[in-house]
Amino acid sequence: MKMPFHGRFLSIVIICAILGGAIVVQMVRINYTIYAQQLIAKSEDYQGIEKVIYPSRGNIYDRSGHILATNQVGFELGIDLKFVTDPESIAFSVASIIDDMDYVNVYELANTEKRDVENRYFVLSSYVSKEKIDELARLKENYAERRQEEKSSKPSLSGLVWYPMQQRTYPEGTLAANILGFYNYFSRETAQGVYGIEEAYNRLLTGKPQSVFMPNDPYLVEALPDIQPGASLVLTIDRDIQSMIEKTLADAIEWSDAEGGTIIVADPKTGEILGMASTPYFNPNEYWKYEETFPGITPYNRAIGTTYEPGSVFKVITMAAALDSGVAEPSTTYNDATGVYWVANSWPIYNWDGGAWGEQDMTGCMQHSLNVCLAHIAIDLLHEDLFYQYVQAFGFGKSTGIDLASEANYPLRLPTSNQWVEIDLATNSFGQGIAVTPIQMVTAISAVANDGLMMTPHVVRSVIDRGQQYDVTPQVINSPISAEAAQTLTQMLTVALEEEASDALVEGYSIAGKTGTGEIPTEFGYTSELTNTSFVGWGPSDDPQFLVYVWLEKPTISKWGSVVAAPVFRDVVEQLVVLMRIPPDNIRLGTANE
Amino acid sequence: MKNQILQAYKQAPWRIQIQWIGLFMLAVVLIAAITGLYLNISAQAATSGRKIQYLESDIEDINNEIADLTTQLAKAQSTKNMRVRAEELGFKMIDPNNAVYLEIPGYDPNANLVLAPPRVNIIAESPIVKSSYKISLWEWFIDQIWQPTINSTGFEGGMLP
């Protein structure tokens, strides 16, 4: 017996079965269509976001722990189209508060058709200051109050969003900027250190950015991996010494009307650079103004980035070679009878004043800075092989290896080169026809101040990475001369300076030093009236603790190093001995009451 | 007679119904309990997830604040500011001729600044949370089934001679 409504029930069952079957078929079909992968990919977009976490950039400290470079909070400003209701107000507020923001551009972004864009978030500016964001936040609140009062949906800054992030800052402003370089942080993906420490140690300072998936599903959230900040660096630079030499250099340039200049203070025993001033001065907090400060080929740091003919300071190298090789002793004499030295009977070499100085010992040659005497030493005593052997041993013709970016180097013209002529040996002996950087001079002459050991110049003293400190060990580059030769030359240059009653002398301290006046070559030869004036000195002579190199480029007040650079050296050393806590010789050697 | 005997051992229909209902209710209660347990654990996990997100956000805020305060401190102690403050307090640059030098035993002006402990070999740290606490009961159960037999001496399977 059939149940009542049996047919109807059967029909419903069949329809349901067909519908169920159709759903199953459709489910299977969807998984095998060409859209399946797209759908899966789309669904992943809603699962969370892949975010790159950038570690904090490491700090840079001076040798006493004062911060020279660190990070402060800035904000990324963007538009999230999902929440934008009033593009006009967004464009107006952003254009009026944020510099360099254009109303039309912001409006076009804020008014983008939402369904047309894959990515609904636009970055307006990578870094906006906290003050500007505070202004925007206040405006956003004001708009909210107005909407409530007027019971309308406008004006609204809904969709205008900002996220905090760290930006590079240099609390000392221009101080040591030529050493630090700068960090171009505007584009986070391509940001990197430029020049100086920031470039040379970019990888260490940056740390390792890490890509992390951040799920929307809280059930899947896990703690972020422990991302270590970039390594911090402790420099050999002393903030007070750096500040002092920058001020002294600025005053010296103003006084001498020089085009530019450099002062380097180094510890000859370790190669540590205690201060390195170079003009022009630059504020790395506004690194986008770089072109204004360094137009054309102006070097970022003259101390390492400019080569020039040093002039008579190079005589220190020639004399060191002569003493070390044994071809000359302090008592060796040279008779400057005519004031001229003929090279291969073709090229005459004159003294700086064109005069003849009669019989001189080696100290006299250095004291009066006699070109003819040094040419004689190089050509007749050392000869070309030995002379250039020493010049190379002192590191000329190759980079010093200082840990700063963009070190320049001019290749040495050697007798094996087709361009070399015999007069080069004579002119090279007193620092002409040879191009060097100030840091090369400092490195080479440090060997004379450090018992013949030439140390690698460096500006990083310690690296702090993952909570541990690694102290940099001073490295010996070479030992171009013996300790005896170095001490003898130091003694000679101390006596020479005292007997000359140089403007470089510092009361109470024994200083060894040498002036330099380098002629500047033009396309027609050495026709320029302008010169490069320099002075190198170190002290105290019996136990050198500092070496100071001064270079003033094209001063107009005088063309002589003894007039321009020597007093600047004295100014520096008078302040330096106080900052380095070096007592006068009579106190230091315990002879005050004798 | 045969029918009567069978009748004697048969349960009363209401009793059978009660048993079925009881079994059904037991199943329902079990499913509800397991579901409730899972819901509770899921809710706790989700809450913990949210807490982690908030804490990560707090960490970022604190790091930003530290960076900001460090910068403020560095600016306040910059050479320029310190000079101005020193001058306001009546300090002057020392005249080297009037300087008094004292010998302080043990003082080394060139001593390295110590901002962190010296470098030592880093020993890999073991994770703080054991892996068994990071997997579900089900995953742990599957792991136990598939894990190869390891005896106390560390040899896989078999017996020592």
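Residues numbered from 1 in each chain as written. Chains lettered and ligands numbered in written order. Predicted model: local features only at pLDDT ≥ 70, side-chain atom pairs only at ≥ 80, totals over all residues.

### A closer look at the overall build of chain B
Inference 1: Helices and strands together make up the secondary structure of chain B, namely 4 helices and 0 strands.
Inference 2: Of the regular secondary structure in chain B, the N- to C-terminal order runs α-α-α-α.
Inference 3: Per-residue burial for chain B yields a buried fraction of 4% across its 161 residues. (Helix = DSSP H or I, 4+ residues; strand = E, 2+ residues; numbered from the N terminus. Buried ≥ 20, exposed ≤ 12 C-beta atoms within 10 Å, placed from the backbone.)

### So, the interface of chain A and chain B
Inference 1: Facing 39 residues of chain A, the contacting portion of chain B comprises 33 residues.
Inference 2: Listing elements by their share of the side of chain A that touches chain B, those giving two or more residues are strand E3 (67–80), strand E5 (160–169), helix H9 (239–256), strand E17 (460–465), strand E18 (468–471) and helix H18 (561–579) of chain A.
Inference 3: For the side of chain A that touches chain B, the leading source of residues is E3 of chain A, giving 5 residues.
Inference 4: Each residue belonging to the side of chain A that touches chain B can be placed in one class, and the counts come to 18 nonpolar, 14 polar and 7 charged. (Contact = placed C-beta atoms within 7 Å. Nonpolar A, V, L, I, M, F, W, Y, C, P; charged D, E, K, R; others polar.)

### Quick word on the pairing of strand E12 (residues 333–336) of chain A
All names here are of chain A.
Inference 1: Here E12 shows a clear split, with Tyr334 and Asp336 buried on one side and none of Thr333 and Asn335 buried on the other.
Inference 2: Bridging between E12 and strand E15 (residues 358–361) involves 4 bridges; their strand directions are antiparallel. Note on E15: the bridge partner recorded for Asp336 is Gly358. (Pairing = 2+ DSSP bridges.)

### Side note on the sheet that holds strand E11 (residues 272–278) of chain A
All names here are of chain A.
Inference 1: Taken in spatial order, the 5 strands of this open sheet run E11-E10-E22-E21-E20, and their pairing is antiparallel. Edge positions in the open sheet fall to E11 and strand E20 (512–519), since each of these has one partner strand only. On average, each strand axis in the sheet is inclined to that of its neighbour by 10°, with strand direction left out of account.
Inference 2: Pairing of strand E10 (residues 260–267) with E11, which is carried by 6 bridges, proceeds in the antiparallel orientation. Residue pairing in the sheet places Thr262 in a bridge with Ser278 of E11.
Inference 3: Each of E10, E20, strand E21 (531–539) and strand E22 (546–553) is contacted by H18, which is oriented at about 140° to E22, the strand it contacts most. (Axes fitted to C-alpha atoms, helices over the stretch in contact; angles between N-to-C directions.)

### Concerning H9 of chain A
What sets the pattern is the α-helix's 3.6 residues per turn: residues three or four places apart point alike.
Inference 1: Over its 18 residues, H9 of chain A extends 25 Å from the first C-alpha to the last, a length consistent with the 26 Å expected when each residue adds 1.5 Å.
Inference 2: Listing the buried residues of H9 of chain A in full gives Arg239, Asp240, Ile241, Gln242, Ser243, Met244, Ile245, Glu246, Thr248, Leu249, Ala252 and Ser256 of chain A.
Inference 3: If you follow the buried residues of H9 of chain A, they end up packed against E10, E11, E22 and H18 of chain A together with helix H3 (79–88) of chain B.
Inference 4: Following H9 of chain A by one or two positions, Asp257 of chain A adopts a phi angle in the positive range, close to 55°. (Expected span 1.5 Å × (residues − 1).)

### Structural notes on the domain arrangement of chain A
Residues and elements named next belong to chain A.
Inference 1: Under the domain assignment, chain A is made up of domain 1 (57–145 + 156–169 + 201–234) and domain 2 (239–286 + 298–462 + 474–588).
Inference 2: Summarising the inter-unit geometry, the C-alpha centres of domain 1 and domain 2 are found 51 Å apart.
Inference 3: The interface is formed by 8 residues belonging to domain 1 together with 5 residues belonging to domain 2.
Inference 4: A class-by-class count of the residues in the side of domain 1 that touches domain 2 yields 3 nonpolar, 3 polar and 2 charged. (Domains from an automatic or database assignment.)

### Description of the nonpolar core
Residues and elements named next belong to chain A.
Inference 1: Among the nonpolar cores identified, the biggest contains 137 residues, and Ile264, Val265, Ala320, Ile445, Val548, Val550 and Phe569 are the most heavily contacted of them.
Inference 2: Of the residues that make up this core, three or more belong to each of domain 1 (57–145 + 156–169 + 201–234) and domain 2 (239–286 + 298–462 + 474–588).
Inference 3: For Val265, the residues in contact, after removing those within four places along its chain, are Ile241, Ile245, Leu274, Gly275, Phe546, Val548 and Leu576.
Inference 4: With 15 residues, the next largest nonpolar core counts Leu81, Ala91, Leu109 and Val128 among its residues. (Core = buried A, V, L, I, M, F, W, Y, C linked by C-beta atoms within 7 Å.)

### Quick notes on unusual backbone geometry
Backbone geometry follows two general trends: most residues other than glycine have a negative phi, and most peptide bonds adopt the trans configuration.
Residues and elements named next belong to chain A.
Inference 1: Cis geometry is adopted by the peptide bond preceding Pro155, which originates at Lys154 and carries an omega value of -5°.
Inference 2: Within the secondary structure layout, Pro155 lies in the loop between helix H5 (130–150) and E5.
Inference 3: Cis rather than trans, the peptide bond between Thr279 and Pro280 has omega equal to 0°.
Inference 4: Mapped onto the elements of the fold, Pro280 is located in the loop between E11 and helix H10 (290–293).
Inference 5: You will see that Ala344, though not glycine, has its phi angle at about 50°, which is positive.
Inference 6: Checked against the element boundaries, Ala344 lands in the loop between strand E13 (340–343) and strand E14 (347–350).
Inference 7: With phi around 55°, Arg581 is a residue other than glycine that occupies positive phi space.
Inference 8: Looking at the secondary structure, you find Arg581 in the loop between H18 and helix H19 (585–588).
Inference 9: Since 13 C-beta atoms lie within 10 Å of it, Arg581 is described here as partly exposed.

### A short note on helix H14 (residues 371–393) of chain A
Inference 1: For H14 of chain A, built from 23 residues, the straight-helix expectation of 33 Å at 1.5 Å per residue is missed by more than 12%, its first-to-last C-alpha distance being only 22 Å.
Inference 2: Backbone geometry just downstream of H14 of chain A places Gly395 of chain A in the positive-phi region, at approximately 95°.

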